[in-house]
Amino acid sequence: MAELILGIESSCDETAAALVRGGREELASVVHSQVAEHAKWGGVVPELASRSHLDQALPVLDACLEQAGLGLEAVDAIAVTHRPGLIGSLLVGLGVAKGLALGTGLPLVGVDHIEAHVYAATMDLETTPYPCVALVVSGGHTALYRADGPLRMRRLATTLDDAAGEAFDKVAYLLGLPYPGGPSVSKLAAEGRRDAIAFPRYRPKRGELGFSFSGLKTAVLYHLRGGDALAPTPAPEAIADAADVAASFEEAVVEVLVRQTLRAAELEGVDQVLVAGGVACNGRLREVMQAEGAARGIRATFPRPARCTDNAVMIAGLGWEHFRAGELADLGLDAAPR
Ligand code: KG4
Ligand code: ZN
């Protein structure tokens with residue numbers, strides 16, 4: 001069966017709607033990014049995010065239906081992100097989805113944002129990747145999962161402190177680069193030497209899995225202060241080796257992500273890894289994960305870039321799996337920040 005699912009996403013700073021048939025075929029996808037609204041604050045301001053979702057939700061939905069040339073009568077179910085995320089942001093998408101379900105009589109499906117990120121990596125695959133290990137790496141999350149199916153995920157490890165994307169955003173701020181930091185740090189890194197500065201790589205205790213990026217972020221700060229923790233942080237224009245800092249920082253993040261992910265795959269005895277979330281856009285991460293994976297007989301799959309960052313295609317996709325499994329929600333569906 002190839003039911004048509006309308007997906008709605010509003011968990012952070014993207015308002016998105018998509019129409020996807022049978023969990024794979026994208027008929028329409030619209031994403032309104034609030035990046036410009038949050039850029040001057042260097043990060044997402046929750047109150048501004050909720051207000052912007054309120055302004056954008058219906059225009060984005062209309063644009064999505066128009067893109068597909070379809071009306072709501074063509075839709076079989078409405079899937080909406082209900083966790084995790086900013087509570088005020090989640091509530092806007094959830095309110096719209098419930099209103100539509102009530103008005104049309106269509107079934108409602110609640111989708112987990114993290115599971116949906118992982119699903120995005122499977123949407124273009126010819127064969128099923130399960131069992132596998134999934135790395136979700138974004139501005140809010142850095143965690144490893146074992147997945148035995150799209151709806152069967154178990155968390156193996158997470159970060160002790162910052163998410164990898166958050167570290168990119170903070171280093172971008174120190175270097176005077178625009179928010180979001182991932183793309184801008186990555187662009188500058190292309191002009192620098194990856195081995196210029198020996199930034200620390202986090203290693204969990206023997207036999208354990210896990211991530212930490214706060215020590216790396218502090219090491220970047222100390223480097224910029226000339227090794228003197230108490231010295232003032234230099235203005236971005238006074239940093240002579242910014243490209244080397246960007247390249248060496250990116251290399252350290254990539255090395256930690258790759259090492260832990262492939263280790264998790266070996267511990268779980270699987271030969272497939274899925275990498276998803278905004279940081280999965282990173283070219284160096286793709287390159288190193290695929291090369292090091294291949295050297296160990298492990299295949300690494302990434303979503304296409306537009307499906308790495310927040311979008312509603314992944315929500316409609318995973319929503320179809322829930323729908324097919326008969327996992328429907330009612331109007332009591334709640335938003336959960338965690
Ligand atoms: O998945 P996403 O859109 O939102 C969250 O759920 O967090 O991820 C956004 C994060 C930001 O921290 C951004 O800096 C990072 O993904 N990002 C990247 C790249 N593109 C986006 N990080 C590294 N390299 C990139 N090319
Ligand atoms: Zn996300």
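These figures come from a predicted structure and were not determined experimentally. (Residues numbered from 1 in each chain as written. Chains lettered and ligands numbered in written order. Predicted model: local features only at pLDDT ≥ 70, side-chain atom pairs only at ≥ 80, totals over all residues. Heavy atoms only, no water.)

A closer look at the overall build of the protein
Rules: Elements are defined by DSSP. Helices are runs of H or I of four residues or more, strands are runs of E of two residues or more, and each kind is numbered from the N terminus. In this scheme, a residue with accessible area under 20% of its type's maximum is buried, one over 50% is exposed, and one in between is partly exposed, where area comes from a 1.4 Å probe on protein chains only. By the convention used here, residues are in contact when the closest approach between their heavy atoms is within 4.5 Å. Residue-level accessible areas treat just the shown protein chains as cover; the underlying method is Shrake-Rupley with a 1.4 Å probe. Positive residues here are Lys and Arg, negative ones are Asp and Glu, while His and the chain termini are left out of the count. Note on charges: their place is set at NZ of Lys, CZ of Arg, CG of Asp or CD of Glu.
When its secondary structure is counted, the protein shows ten helices and ten strands. By its C-alpha atoms, the protein is 65 × 45 × 30 Å across when sized along the principal axes. Per-residue burial for the protein yields a buried fraction of 53% across its 338 residues. Nonlocal contacts in the protein, meaning residues at least 24 apart in sequence, comprise 73% of its contacts between residues at least 6 apart. Entry remark: accessible area of the protein is about 14500 Å², with carbon and sulfur atoms responsible for 52%. Between the centroid of the 30 positive side chains of the protein and the centroid of its 42 negative side chains there is a distance of 7 Å.

What to know about empty space enclosed by the protein
Empty space left among the atoms is revealed by rolling a probe the size of a water molecule over them. For clarity, the cut-off: Of the two site types, the cavity is a set of points on a 1 Å grid over the protein atoms alone where a 1.4 Å probe fits but cannot get out, and the pocket is an open set with protein on both sides within 12 Å along at least five of seven lines, each lined by residues with an atom within 4 Å of a point. Grid points are joined across faces, edges and corners, and a volume is the space filled by probe spheres set on the points.
Inspection of the entire model under this criterion finds one cavity of 30 Å³ or more. Lining the largest cavity, in full, are Ile8, Thr15, Ala16, Ala17, Ala57, Val60, Leu61 and Val96. Listed by contribution, the elements that provide at least two residues to the lining of the largest cavity are strand 2 (14-21) and helix 2 (46-68).

As for the sheet that holds strand 10 (residues 299-301)
Which entries qualify depends on this criterion: Two strands qualify as a pair provided that DSSP identifies no fewer than 2 bridges between them. Angles shown run from 0 to 180 degrees and are taken between the N-to-C directions of axes, each axis being a line fitted to C-alpha atoms and, for helices, limited to the stretch in contact.
Judged by pairing direction, the sheet is mixed, and its five strands sit side by side in the order 8-7-6-9-10 without closing on themselves. Taken across any chain shown, the strands that pair with only one partner, and hence form the sheet edges, are strand 8 (152-158) and strand 10. Neighbour to neighbour, the strand axes of the sheet diverge by 25 degrees on average, direction disregarded. Where helix 8 (residues 242-268) meets the sheet, its contacts fall on strand 6 (132-137), strand 7 (142-149), strand 8 and strand 9 (272-276), and the angle it forms with strand 6 comes to roughly 155 degrees.

Remarks on the layout of surface pockets
Applied cut-off: Note: domain ranges come from an automatic or database domain assignment.
Roughly 250 Å³ of volume is contained in the second largest pocket. Looking at the second largest pocket, it is lined by 13 residues, and the ones nearest its centre are Ile114, His141, Ala143, Tyr145 and Arg155. Counting only elements with at least two residues in the lining of the second largest pocket, the list comes to helix 4 (113-122), strand 7 and strand 8. Split by domain, the residues of the lining of the second largest pocket number at least three in each of domain 1 (4-119 + 308-324) and domain 2 (130-302).

Overview of the coordination of the zinc ion (ligand 2)
The following threshold applies: Note: metal donors comprise N, O and S atoms at 2.8 Å or less from the metal (3.2 Å for Na, K and Ca); water molecules are not included, so apparent gaps in a site are possible. Here the metal geometry follows the donor angles, with tetrahedral for four donors whose angles all fall between 85 and 135 degrees, square planar for four and octahedral for six when opposite donors are more than 155 degrees apart and every other angle is between 65 and 115, and irregular for all the rest.
With distances of 2.1 to 2.2 Å, the protein atoms coordinating the zinc ion (ligand 2) are His113 (NE2), His117 (NE2) and Asp310 (OD). Coordination at the zinc ion (ligand 2) is irregular, judged from the four donor atoms that bind it and the angles of 91 to 141 degrees they form at the metal. Going along the chain, you hit the donors of the zinc ion (ligand 2) in the pattern H-x3-H-x192-D. Taken together, the positions of histidine 113 and histidine 117, both in helix 4 and four residues apart, correspond to about one turn of that helix. For histidine 113, a relative accessible area of 4% puts it in the buried group.

Quick look at the domain arrangement of the protein
The condition that has to hold: Throughout, the accessible surface (probe 1.4 Å) given up by two parts as they are put together, summed over both, is called the buried area. The salt bridge definition used is simple: a Lys or Arg side-chain nitrogen within 4 Å of an Asp or Glu carboxyl oxygen. N or O atoms within 3.5 Å of each other form a polar contact, as long as, within protein, one can give a hydrogen and the other can take it, and as long as residues adjacent in sequence are counted only when both atoms are side-chain atoms. Classification used: nonpolar for Ala, Val, Leu, Ile, Met, Phe, Trp, Tyr, Cys and Pro, charged for Asp, Glu, Lys and Arg, polar for all others including Gly.
Splitting the protein by domain gives domain 1 (4-119 + 308-324) and domain 2 (130-302). The gap between the C-alpha centroids of domain 1 and domain 2 is 27 Å. Listed per partner, the contact involves 18 residues of domain 1 and 16 residues of domain 2. Between domain 1 and domain 2, a total of about 1500 Å² is buried, with carbon and sulfur atoms accounting for 79% of that surface. For domain 1, the biggest contributors to the area lost against domain 2 are Ile114, Val118 and Cys308; these three give 41% of the whole. At the junction of domain 1 with domain 2, the criterion picks out zero salt bridges. Linking domain 1 to domain 2 there are one residue pair in polar contact (both at pLDDT 80 or more). Looking at the side of domain 1 that touches domain 2, the element that brings in the most residues is helix 4, giving five residues. Considered class by class, the residues forming the side of domain 1 that touches domain 2 number nine nonpolar, six polar and three charged.

Side note on the packing of helix 8 against helix 9 (residues 283-295)
The following threshold applies: Handedness of each helix crossing follows the sense of rotation of the near helix against the far helix: counterclockwise by less than a right angle gives left-handed, clockwise gives right-handed.
Relative orientation of the contacting elements helix 8 and helix 9 amounts to 40 degrees, with a least axis distance of 10 Å. Crossing geometry of helix 8 relative to helix 9 is assigned as right-handed. Contact residues: Glu250, Glu251, Val254, Leu257, Val258, Thr261 and Leu262 in helix 8; Arg284, Leu285, Val288, Met289, Glu292 and Gly293 in helix 9. Classifying every residue of the contact of helix 8 with helix 9 by side-chain character gives seven nonpolar, two polar and four charged.

Concerning unusual backbone geometry
Cis geometry is adopted by the peptide bond preceding proline 84, which originates at arginine 83 and carries an omega value of -25 degrees. Looking along the chain, the bond that leaves tyrosine 179 and enters proline 180 is cis, with omega of -5 degrees.

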